[in-house]
Each structure stands twice: as structure tokens, then as C-alpha cells.
Amino acid sequence: MRGFFVGRFQPYHLGHHEVIKNIIKEVDELIIGIGSAQESHTLENPFTAGERILMIVRALEELNIDKRVYVIPLEDIYRNSLWVSHVCSMVPPFDVVYTNNPLVYRLFKEAGFKVKSTKMYNRKEYQGTEIRKKMLNGENWEKYVPKAVAEVIKEIDGISRIREIAAKDV
């Protein structure tokens, strides 16, 4: 069985890590879709699709997963009625969708897919918006992401990027 899990991963954090650890117990293969792949260099979406792929792939190496995982960037098409078919055209076939996003859940359910909710892990802290705020404010953000993700963010000078973007937007 092949599963599909989509998120923006801005950045990939320990909540995502826990969700994937549990999904991988249920499937033979996993497709991770990087939503809003065309977005980058904004406060809401500071990282590029390529940087998010790097974060996810390196973080998954820490888990020593013995199953095939595909990480695929997905650009937005801004038409919900066509979004599921767009996703299906961009990724390998899948049997089940994992999500907690109400819109994603609804769209895939209406399209006839089996959809499962995932457990939320410490949602108050493991939230991209809050982690990006911590980065911006010089607070300890590293404890909310896998070590490999922190290394990628440092490697790409992601903190400086977020601060420079914020300075222009404020």
C-alpha cells in the first residue's frame, strides 16, 4: 500500500517527523508532497522547494526508514475543484491520503480516496508559524526541528533570509 502525505514544511519540524514515523508503520511506500512548492522568500514560505526537499530527505535519514519514500514538490493551481487531479498527475498512484487539513481531507474524500487523519503532536509548539517567529526573534527554534533540518537551515543561511524578508515587510 502506498500513502500520500502533503504539507508546506516551512520548516519540516518534529511534529511532521512523528506523523511520518506513524504513517510509515501503515504503508509500504510513502509519497511526501511539498505543497505551495512555487512559494519562497516570504515570511509565510521562506524556504524554496529544493531546500524543503533537502530538509525532509536529511531528516528522514535520521529515522533509518527501510521503505521507499518519494518527496515531490507540488505547485498550487488555485482551483480547489481541480487540485486533486493535479496532485494525481504529479505523483505516483497512492491508496490512502494522510492529512489533518480540513480542505485537503474534504477534497480527497470527494474524489473517492480513503483519507485518514493523523495524530497531532504538541501542535502548540510544533507549528511552522511559531518556529518561524522564534527564528525571527532570535529564540531557541532548533529544539523544534530534527537536527538535520537545523543544519540545512544554517547551511542556507535561512535565519538571515527570514530576518531580511521581515525587515522589508514591516
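One can find the structure itself at the top, above this paragraph.
Just so we're clear, the structure is a prediction, and the values are computed from it rather than from any experiment.

**Considerations on the packing of aromatic side chains**
Per the counting criterion, the structure on display carries 9 aromatic pairs. Residues F4 and F108 carry aromatic rings whose centres are separated by 5.8 Å and whose planes lie at 55 degrees to one another, so their mutual orientation is tilted. In this pair, F4 sits in strand 1 (residues 2-7) while F108 sits in helix 4 (residues 102-110), placing the two residues 104 residues apart along the sequence. Its relative accessible area of 0% is what places F108 among the buried residues. Aromatic pair Y126 and Y144: ring centres 6.2 Å apart, planes at 70 degrees, arrangement edge-to-face. You can see Y126 sitting in the loop between strand 5 (114-116) and helix 5 (128-136) and its partner Y144 sitting in the loop between helix 5 and helix 6 (147-155), a full 18 residues away along the chain. In terms of burial, Y126 and Y144 fall into one category: buried. One aromatic cluster is present, formed by F4, W83, F94, F108 and F113 through successive ring pairs.

**Some points on the pairing of strand 3 (residues 68-73)**
For strand 2 (residues 29-34) and strand 3, the ladder comprises 6 bridges, and the chain directions are parallel. Note that in strand 3 the partner of G33 across the bridge is I72. Each parallel crossover has a hand, and for strand 2 linked through helix 2 (residues 49-63) to strand 3 it is right-handed.

**Overview of the environment of H13**
Within the secondary structure, H13 sits in the loop between strand 1 and helix 1 (14-26). Between the C-alpha atoms of H13 and G112, which are 99 residues apart in sequence, the distance is 30 Å. With residues up to four places along the chain from it excluded, the contact list for H13 reads Y126, Q127, G128, I131, Y144, V145 and P146. Separated by 3.5 Å, the side chain of H13 and the backbone oxygen of Y126 make a polar contact.

**A word on the packing of helix 2 against helix 6**
One can describe the packing of helix 2 onto helix 6 by two numbers: an axis separation of 8 Å at closest approach and a directional angle of 150 degrees. For the element pair helix 2 / helix 6, the angle class is roughly antiparallel. Handedness of the helix 2/helix 6 crossing: right-handed. Across from E51, L54, M55, R58, A59 and E62 in helix 2, the residues of helix 6 making contact are K147, A148, V149, V152, I153 and E155. For the contact of helix 2 with helix 6, the residue count by class is 7 nonpolar, no polar and 5 charged.

**Thoughts on the sheet that holds strand 4 (residues 96-98)**
Across the sheet, 5 strands lie side by side as 3-2-1-4-5; this open sheet has parallel pairing. At either margin of the open sheet sits one strand with a lone partner, and together these are strand 3 and strand 5. Within this sheet the neighbouring strands show an average axis-to-axis angle of 25 degrees, counted without direction. Two strands pair when backbone bridges link them, and strand 1 and strand 2 are joined in this way by 6 bridges, in the parallel orientation.

Rules used in this analysis
- Along each chain, numbering runs from 1 in the same order as the chain's sequence is written.
- Local features in a predicted model are, by the rule used here, given only for residues with pLDDT of at least 70; side-chain atom pairs are given and counted only at 80 or more, and totals for whole chains, interfaces and linings are based on all residues.
- Side-chain measures here rest on the full set of heavy atoms in the structure, leaving out hydrogens and waters.
- Working definition: rings of Phe, Tyr and Trp (its six-membered ring) pair if their centres are within 6.5 Å, and the pair is stacked with planes under 30 degrees apart, edge-to-face with planes over 60 apart, and tilted otherwise.
- In this description a helix means any DSSP run of H or I spanning at least four residues, a strand means any run of E spanning at least two, and both kinds are numbered starting from the N terminus.
- When accessible area is computed with a 1.4 Å probe and restricted to protein chains, residues below 20% of their type maximum are described as buried, those above 50% as exposed, and intermediate ones as partly exposed.
- Only when DSSP finds a minimum of two bridges between them are two strands counted as paired.
- Orient the strands so they point away from the viewer, and a crossover whose first-strand-to-second-strand path over the helix runs clockwise is right-handed.
- Contacts are assigned to residue pairs that have any heavy atoms within 4.5 Å of one another.
- Whenever a nitrogen or oxygen atom comes within 3.5 Å of another N or O atom, the pair is scored as a polar contact, on the condition that within protein one atom can donate a hydrogen and the other can accept it, and that pairs from neighbouring residues in sequence are kept only if both atoms are in side chains.
- Every axis corresponds to a line fitted to the C-alpha atoms, with the helix fit spanning only the stretch in contact, and the corresponding angles, defined between N-to-C directions, vary from 0 to 180 degrees.
- These descriptions rest on fixed angle ranges, namely under 35 degrees for roughly parallel, over 145 for roughly antiparallel, 65 to 115 for roughly perpendicular, and the rest for oblique.
- The hand of a helix crossing depends on one turn: near helix anticlockwise from the far one by less than a right angle means left-handed, and clockwise means right-handed.
- Lys, Arg, Asp and Glu make up the charged group, whereas Ala, Val, Leu, Ile, Met, Phe, Trp, Tyr, Cys and Pro make up the nonpolar group; the residues left over, Gly among them, are polar.

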